[in-house]
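As a plain string of letters, each chain reads:
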Amino acid sequence: MKSPFRIIEVIVFLLLAVLTVSFSLAPHVEKRILVASDDHNATYPTTRGLYKIKELVESETNGAIEIKVFHSAQLGSEKETIELTQMGIIDINRVSCSPMASFSPNMGVFSLPYIFRDWDHEWKVLDGEIGQRLGRELEKVGLVTVAYYDSGARSFYNKHRAINSPEDLNGLKVRVQKNPVMIDLVNAMGASATPMAFEEVYSAIQTGVIDGAENNPPSYKTTGHYEVAKFYSLDGHSRIPEIVLFSKKVWDTFSDEERAIIASAAKESEEFQKQLWREQELEAMRIVEEAGCKINTPDKGPFIKAAQPIYDKYASQLGDLIAEIQAVK
Ligand code: GTR
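Heads up: these notes are all about the structure in this document.

The rules behind the values
- Residues numbered from 1 in each chain as written.
- Predicted model: local features only at pLDDT ≥ 70, side-chain atom pairs only at ≥ 80, totals over all residues.
- Heavy atoms only, no water.
- Helix = DSSP H or I, 4+ residues; strand = E, 2+ residues; numbered from the N terminus.
- Buried < 20%, exposed > 50% of the residue type's maximum accessible area, 1.4 Å probe, protein only.
- Phe/Tyr/Trp six-rings, centres within 6.5 Å; stacked < 30°, edge-to-face > 60°.
- Lys NZ or Arg CZ within 6 Å of the ring centre and 35° of its normal.
- Pairing = 2+ DSSP bridges.
- Axes fitted to C-alpha atoms, helices over the stretch in contact; angles between N-to-C directions.
- Near = heavy atom within 4 Å.
- Polar contact = N/O pair within 3.5 Å; in protein donor to acceptor, adjacent residues only side chain to side chain.
- Areas by Shrake-Rupley, 256 points an atom, 1.4 Å probe, with all protein chains shown as cover.
- Nonpolar A, V, L, I, M, F, W, Y, C, P; charged D, E, K, R; others polar.
- Domains from an automatic or database assignment.

### Observations concerning unusual backbone geometry
A negative phi angle is the norm for most residues apart from glycine, just as the trans form is the norm for most peptide bonds. A positive phi is found at Asn62, a non-glycine position, where the angle reads about 50°. With respect to the secondary-structure elements, Asn62 resides in the loop between α2 (45-60) and β2 (65-70). Assessed through its relative accessible area of 73%, Asn62 is described here as exposed. The phi dihedral of Ser72 is positive, around 55°, even though this residue is not glycine. Along the chain, Ser72 falls in the loop between β2 and α3 (78-87). Look at Ser72 and you get partly exposed, because its relative accessible area is 37%.

### Some words on the packing of aromatic side chains
For the structure on display, the rule yields 10 aromatic pairs. With a centroid separation of 4.5 Å and an interplanar angle of 35°, the aromatic rings of Tyr157 and Tyr220 are classed as tilted. Taken together, the residues span a long stretch of sequence, with Tyr157 in strand β5 (residues 154-158) and Tyr220 in helix α9 (residues 217-222) at a distance of 63 residues. Residue class for Tyr157 comes out buried when judged on its relative accessible area of 1%. Grouped by ring-pair contacts, the aromatic residues Tyr157, Tyr220, Tyr226 and Tyr232 constitute a single cluster. Positioned above the aromatic ring of Phe254, the side-chain terminus of Arg32 is 4.3 Å from the ring centre.

### Digging into the environment of Ile33
If you trace the backbone, Ile33 turns up in strand β1 (residues 32-38). For Ile33 and Ile89, which are 56 residues apart along the polypeptide, the C-alpha to C-alpha distance reads 12 Å.

### Thoughts on the sheet that holds β1
What the 5 strands build is an open sheet, ordered β2-β1-β3-β10-β4; its pairing is mixed. In this open sheet, the two strands that pair with only one neighbour each are β2 and β4 (143-149). Between one strand and the next, the sheet's axes are offset by a mean angle of 25°, whatever the strand orientation. Across 6 bridges, the pairing between β1 and β2 is parallel. For Ser37, the partnering residue across the bridge sits in β2 and is Phe70.

### As for the site of the ligand
Surveying the vicinity of the ligand reveals 14 residues, the closest of which are His40, Glu78, Arg175, Asn215 and Glu242. In this structure, an oxygen atom belonging to the ligand sits 2.7 Å away from a side-chain N or O atom of Arg175. In isolation the ligand exposes 320 Å². Once the protein is present, 99% of that is buried. Split into classes, the residues belonging to the shell around the ligand amount to 1 nonpolar, 7 polar and 6 charged. Two domains each provide a minimum of three residues to the shell around the ligand, namely domain 1 (4-150 + 241-279) and domain 2 (154-239 + 283-327).

What follows is the structure in structure tokens.
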């Protein structure tokens, strides 16, 4: 997708969408319409989280704030939508913390391989002082963090062979998100990292531009990547949280009361999303297995060892933060 044409297209599209709603309103009703974006389909846990925020905010404000959710990357791919959110063209945006590393380098810490010991450790960090502080740091780049969502663990998949050790990744072109840490991670594990927008991955695997990618089970399933890359190797190299962001430009125009309503709706949507995540993760594994995918669970030891150079590389930039996260028990 090429800006600025894409950006103009999105602005026109949003204006039309918002005008359609405004004209259908009774005169004198003061209403604010907010635009929310997600790159997943309407039933994916993150998008359902946004619908939950919509439901709660619309009911708490008696419809004075309305939220229109645009899913399936209708408003663009992650990096572009983050820029549109900074500009205040998109009001609410659910993205992965991975591309956020290009906007706020400390966010890159969440993409480091095996930075979280497990789910409990991840959520202790996110709900605790570190997660909240890193969330607040985004205000410097025009974004207000209102929630973190679950995204499980990411693992490699490809169309050629089962990955039992990092050596098996040698010679494979693996798509990564647009994030320097992910590029380093995949290269350090032995593959050749190819940054690319999420929406382009299916056809890139199909046509052989890349050999595979890496993601969590619900993404592997809903994107259909499992149809073109049948080997799914559960090395679980990173647990990168999802994040729900508000445009600071827009946030600053709300009253304290409105902000409190939105913040509490977003917080409430976290539990709802995590529950859906658990269900859809199991469901996705069942579906891909039934579809004939070859799933293996390699020993993580060699992957952890292969990841060490990344920790050395980021020691000067993220060392204190890494130590803080590791110290959370
Ligand atoms: C998914 C995430 C998406 C996107 C995608 C990707 O896990 O939910 O928003 O970041 O990964 O790999 O691009």
